[in-house]
Amino acid sequence: MANICAELPVFEADVNVNDSFDLTLKPVAAVNGEAQYWPLFNAANPSEQFGNIVFKFRGQNKSITLNITLDTSEVEGIEFTKANKGDFDGIVGLSPEFKQEFKAKAKKGAENNYTQLTVTAAVKKSEQDDEDGNSFSFLWLCEMIDSGMNIVSGDPNAQYEPL
């Protein structure tokens, strides 16, 4: 998969303000068995596309909420994966050192499938992070409704280094 994300702006989710944003994630079918980049758009301005989301954790007692809608117009029968327990629907975390409060909850959309995902990141600790903030890497986790097959949309900038 070509790293077209490098050519696109990064959505910086700056957890230094209490704010919320509406985004649209558009799954794209694999081409010749090769995974494709899933575009992420600003819901209020669909021409504004992002390559990646970077969470920056700064300040104290601040949070950010991302309301993400899964656009199933190109890949039908797909939804965010619903976890049986915990607060991590629709995502797979890659940052083992992540300490902040992070929740992701899938909700049913108009077609009664899990096409809505609310991601909340908050800073609750008393000490402040470094000036640039810390970042958290994750991948989107979806599944086909009929087959239950998991589909993970890769972030080419995400890096996972096992301990």
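The preceding data block contains the structure.
Residues numbered from 1 in each chain as written. Predicted model: local features only at pLDDT ≥ 70, side-chain atom pairs only at ≥ 80, totals over all residues. Heavy atoms only, no water.

**Some remarks on the packing of aromatic side chains**
Selection rule: In this analysis, rings of Phe, Tyr and Trp, with Trp reduced to its six-membered ring, are considered paired at centre separations within 6.5 Å, and the interplanar angle assigns stacked below 30 degrees, edge-to-face beyond 60, and tilted for intermediate values. Numbering of helices and strands runs from the N terminus, with a helix taken as a DSSP run of H or I at least four residues long and a strand as a DSSP run of E at least two residues long. A simple rule labels every residue: compare its accessible area, found with a 1.4 Å probe on the protein chains alone, to the largest value its type can have, and call it buried under 20%, exposed over 50%, or partly exposed in between.
This structure, assessed with the given rule, holds four aromatic pairs. Considering the side-chain rings of F11 and F50, the 5.1 Å spacing of their centres and the 70° angle between planes classify their relative orientation as edge-to-face. Taken together, the positions of F11 in strand β1 (residues 10–15) and F50 in strand β4 (residues 45–50) put the pair 39 residues apart, joining distant regions of the chain. Judged by relative accessible area, which is 6%, F50 ranks as buried. An angle of 20° between the planes, with centres 6.2 Å apart, marks the rings of F88 and F102 as stacked. Remark: F102 occurs in strand β9 (residues 101–107) and F88 occurs in the loop between β7 (78–80) and β8 (91–93); sequence separation between them is 14 residues. For F88, a relative accessible area of 44% gives the class partly exposed. Through a chain of ring-to-ring contacts, three or more aromatic side chains come together here, namely F11, F21 and F50.

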